[in-house]
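For reference, the chains in residue letters:
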Amino acid sequence: MTTTPVAAVGPTTERLRTLVARIRETVDRGLPPEPTSRLVADHLAPHLGAPDLLTPEQCEPDPGHYRQHVLHAEPDGCFSVVALVWLPGQGTPIHDHVSWCATGVHRGEEHERRYQLVPDGTTARLLATEDVVNGPGAVAAFAPPGDIHSVRNGGDRTALSLHVYGADITRLGTSVRRVYRLPADR
């Protein structure tokens, strides 16, 4: 998989700073990954679609692949906030993640296919378990293991989503732990 370039953290809006403060409070509670991701998704939801959440530069796409704008990386590395901008047809390979994650669609729609890894004789394969269309305001939360999916912009206009990862994406360069090349339901 070619990883998308990590755009530098730049100026932020007051709304984003408020969201980051709420995420920090939640992460500092020290809860396990699954409830942390659900609580962070709850904090993310009211900000989605707000015109004052992102700067125009943070909404810029890339014609070659979806674009990742890192909006915030906590100094101790415990979480990052990322905007992903998707032109129609852009998407990811099947993958999982290095940490818990909360996501929300800010505008447009994302088509997600979720998978389960199942034994298949002496190897394994991926069984598609759910197809979801996430529209504006939709949030999701997950924590490894069991977070295998692919995402694409199946709509006809630019999509933009916010992702909060329990890791420092500026240091790692990506949230992806593994890209799956196993046989998979399409």
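Residues numbered from 1 in each chain as written. Predicted model: local features only at pLDDT ≥ 70, side-chain atom pairs only at ≥ 80, totals over all residues. Heavy atoms only, no water.

(A) Broad picture of the environment of glutamine 90. Position of glutamine 90 among the secondary structure elements: in the loop between strand S3 (80-86) and strand S4 (95-97). Between the C-alpha atoms of glutamine 90 and arginine 67, which are 23 residues apart in sequence, the distance is 9.6 Å. With residues near it in sequence (within four places) discarded, glutamine 90 still touches Asp62, Pro63, Gly64, His65, Tyr66, Val85, Arg152 and Asn153. Of note is the side chain of glutamine 90, whose polar atom sits 3.4 Å from the backbone nitrogen of tyrosine 66. (Helix = DSSP H or I, 4+ residues; strand = E, 2+ residues; numbered from the N terminus. Contact = heavy atoms within 4.5 Å. Polar contact = N/O pair within 3.5 Å; in protein donor to acceptor, adjacent residues only side chain to side chain.)

(B) Region of interest: helix H2 (residues 33-44). The terminal C-alpha atoms of H2, which comprises twelve residues, lie 16 Å apart, in line with the 16 Å expected from a rise of 1.5 Å per residue. Where H2 is buried, its residues contact helix H1 (14-27), strand S5 (101-107), strand S8 (139-142) and strand S10 (159-165). (Expected span 1.5 Å × (residues − 1).)

(C) How the structure looks around the pairing of strand S6 (residues 110-120). Bridge count between S6 and strand S7 (residues 123-134): eleven bridges; the pairing is antiparallel. Bridging across to S7, glutamine 116 finds its partner in leucine 127. Here S6 folds back onto S7, and the loop between the two strands holds two residues, one of which, glycine 121, carries a positive phi near 75°. Across five bridges, the pairing between S6 and strand S9 (residues 148-152) is antiparallel. Bridged to glutamate 112 within S9 is valine 151. (Pairing = 2+ DSSP bridges.)

(D) Molecular detail of the environment of glutamine 58. Inspection of the secondary structure assignment puts glutamine 58 in the loop between H2 and strand S2 (67-73). Note on glutamine 58: relative accessible area 7%, which makes it buried. Taking C-alpha positions, glutamine 58 is 22 Å from aspartate 42, a pair spaced 16 residues apart along the chain. Ignoring anything within four residues of it in the chain, the contact list for glutamine 58 reads Pro11, Thr12, His69, Leu71, Ala83, Val85 and Leu160. A polar side-chain atom of glutamine 58 sits 2.8 Å from the main-chain amide nitrogen of threonine 55. (Buried < 20%, exposed > 50% of the residue type's maximum accessible area, 1.4 Å probe, protein only.)

(E) Expanded view of empty space enclosed by the protein. Scanning the entire structure with this criterion turns up two cavities of 30 Å³ or more. Computed from the structure, the second largest cavity encloses a volume of approximately 110 Å³. Lining the second largest cavity are 14 residues, with Thr103, Glu110, Glu112, Asn134 and Ala140 sitting closest to its centre. Mapped by element, the contributors of at least two residues to the lining of the second largest cavity are S5, S6, S8, S9 and S10. Grouping the amino acids of the lining of the second largest cavity by side-chain chemistry returns six nonpolar, six polar and two charged. (1 Å grid on protein atoms, 1.4 Å probe; cavity = no way out; pocket = protein on both sides within 12 Å on 5 of 7 lines; lining within 4 Å. Points joined across faces, edges and corners; volume = space filled by probe spheres on them. Nonpolar A, V, L, I, M, F, W, Y, C, P; charged D, E, K, R; others polar.)

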